[in-house]
Each structure stands twice: as structure tokens, then as C-alpha cells.
Amino acid sequence: MRAMILAAGRGERMRPLTDHCPKPLLEVAGEPLIGWHLRRLAAAGIREVVVNHAHLGAMIEARLGDGAAWGVSIRYSPEPAALETAGGIAQALPLLGDAPFLVVNGDVWCDFDLARAPALAERMQADDLLAWCVLVPNPPHHPEGDFGLVRARLRADTAPRHTFSGIGVYRPALFDGIARGTRAPLGPLLRAGAASGRIGGEVHTGRWTDVGTPERLAALDAQLRAQPRPAPR
């Protein structure tokens, strides 16, 4: 299985930290934020990784190289301007292949077991699903949530609602309607798929942080430094 880490965002809420450093390279407990993802992917046996980038993308390539330092092999999908989530994935499809693939937002920190991704892909194929999304309990900054969940299927019109974690497994067919180089958000695709019953999902109740502001970055850094570094999962 291949994986993609989304790393093309400008990180406006992180400014001024992201004026001269791309958000994925901001450090948490001595490791670039994206490095935590790479190590977890390697530990999960997922070693073919695609990273997209736009803002200060050359710095990302210079820092990560071919990925060998993290135990993975990285291929890059550069974007002249950020194409948003669905647009960035559609742009990278030639690198991701024809099978279901795992996608992780570069600006979250989560202990979800990525080694489950191949089994989730098999379940998607068996149930003819276009995606499997990992949801989390709503954080204080997003109390309204994104999706409900009924019998392991996402619903946009059902309460209680949970927050999309930024972690999902997708079939390439989900992005069929998006031309390469087109800006497109992911939300409308997931809502349309949920309406037709073709988006599966689950709620992860472990640790998850949307590292979207300097304050959350500092809080996560302090939490991880205050405890033994967890073994990659």
C-alpha cells in the first residue's frame, strides 16, 4: 500500500512561524511534524510515500530527501499553488497507483494505528466503498463536527457529529471528476459519497491534535517532551 502526506498548505494560522518554514517542518519534541508521520508509516510497513508541497516546497525536499532517514521512499508532487486537499490528491494520482491508498494530513498528530490501513482497504473493496475516514471526538475549536456515523457509514445529516481527523483511505475513483491542476476541496466529495452510502468510517478515541496554531504546536511539544517518547505504531 502507498501513502500520501498532505504538506502543501500555507499555514496561515501558524504565521509568523510559517513565513520562513513550511508547516510540516515545524518541530515537535525534536522531530519535524512530518517526521512523526514518516516514522509511523515505516513502522506500519507502508514505505512508499508521496508528499505534495507548494509553499516553500524546496525546503521540504531538501530536509526529507528520498526518505531513507525515516525508513521510507518518498516521491514528491509539487504544486505551483496549493490545490487544496482533493485537488492535491488528484494531482498526485499517477504516483499513487490504482489501488486504495492512505492519506494523512501533514498538520495533525495522531496515534491511530496506520498498520490497519491495508485491512481497511480490503473492507472497502468488499463493500464497494470509495473511502474510509477516521473521525475523532470534536475538539474545542470545532465543536460542531463534520459527519455523523451510522453502522460504519458516514452521514452528513446525522447527529451526533464527529470531526474528520485528516486520516483516510481512498480509492482513486473518488477523484474521477477532478482534472489535474484543479483546485478542489475534499469535503464535497465526502459529502456526496456519504449521501450515496459509499463512505465508511470509524471514531478513533486515542490521541489526536490538529496542530493548526502556534499555541497548539507548543502544547503538543510540551506534552510529548513530558513523557517517554511513544514507540511508533
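Keep in mind that what you see is a predicted model, and the values were worked out from it rather than measured.

Asker: Report on the pattern of salt bridges, specifying residues and quantitative values.
Answerer: Enumeration over the complete set of coordinates arrives at 12 salt bridges. One salt bridge connects R116 with E202, and the closest N-O pair in it is separated by 2.7 Å. Of this pair, R116 sits in the loop between β7 (108-110) and α4 (117-127) while E202 sits in strand β12 (residues 199-203), and the two are 86 residues apart along the sequence. For D128, the salt bridge goes to R171, with nearest N and O atoms at 3.2 Å. Within this pair, whereas D128 is found in the loop between α4 and β8 (131-136), its partner R171 is found in the loop between β11 (163-170) and α5 (187-195), the two being separated by 43 residues in sequence. Given the relative accessible area of 42%, D128 is considered partly exposed. In the salt-bridge network here, residues are joined through shared partners; they are R123, D127 and R153.

Asker: How would you explain the state of the cysteines if you had to name every residue and give the values?
Answerer: Tallied over the entire structure, the rule returns 0 disulfides. Cysteine C110 remains unbridged, with the sulfur of C133 as its closest cysteine sulfur at 13 Å.

Asker: Could you give an account of the layout of surface pockets, with specific residues and numbers?
Answerer: Here the largest pocket is characterised by a volume of approximately 940 Å³. Considering the residues around the largest pocket, the lining is formed by 40 residues, among which L6, R13, T85, N105 and D107 are closest to the centre. Those elements that place two or more of their residues in the lining of the largest pocket are α3 (84-96), β11, α5 and β13 (208-210). Counting residues per element, the lining of the largest pocket draws most heavily on β11, which supplies 4 residues. Partitioned by chemical class, the residues of the lining of the largest pocket number 16 nonpolar, 13 polar and 11 charged.

Asker: Please set out the pairing of β12 residue by residue, giving values where relevant.
Answerer: Looking down a regular strand, the side chains alternate between one sheet face and the other. Within β12, 4 of the 5 residues are buried, leaving the element largely enclosed by the surrounding structure. By the bridge criterion, 5 bridges tie β8 to β12 in an arrangement that is parallel. Paired with W132 across the strands is G200, a residue of β12.

Cut-offs applied
- Residues numbered from 1 in each chain as written.
- Predicted model: local features only at pLDDT ≥ 70, side-chain atom pairs only at ≥ 80, totals over all residues.
- Heavy atoms only, no water.
- Salt bridge = Lys/Arg side-chain N within 4 Å of Asp/Glu carboxyl O.
- Helix = DSSP H or I, 4+ residues; strand = E, 2+ residues; numbered from the N terminus.
- Buried < 20%, exposed > 50% of the residue type's maximum accessible area, 1.4 Å probe, protein only.
- Disulfide = S-S within 2.5 Å.
- 1 Å grid on protein atoms, 1.4 Å probe; cavity = no way out; pocket = protein on both sides within 12 Å on 5 of 7 lines; lining within 4 Å.
- Points joined across faces, edges and corners; volume = space filled by probe spheres on them.
- Nonpolar A, V, L, I, M, F, W, Y, C, P; charged D, E, K, R; others polar.
- Pairing = 2+ DSSP bridges.

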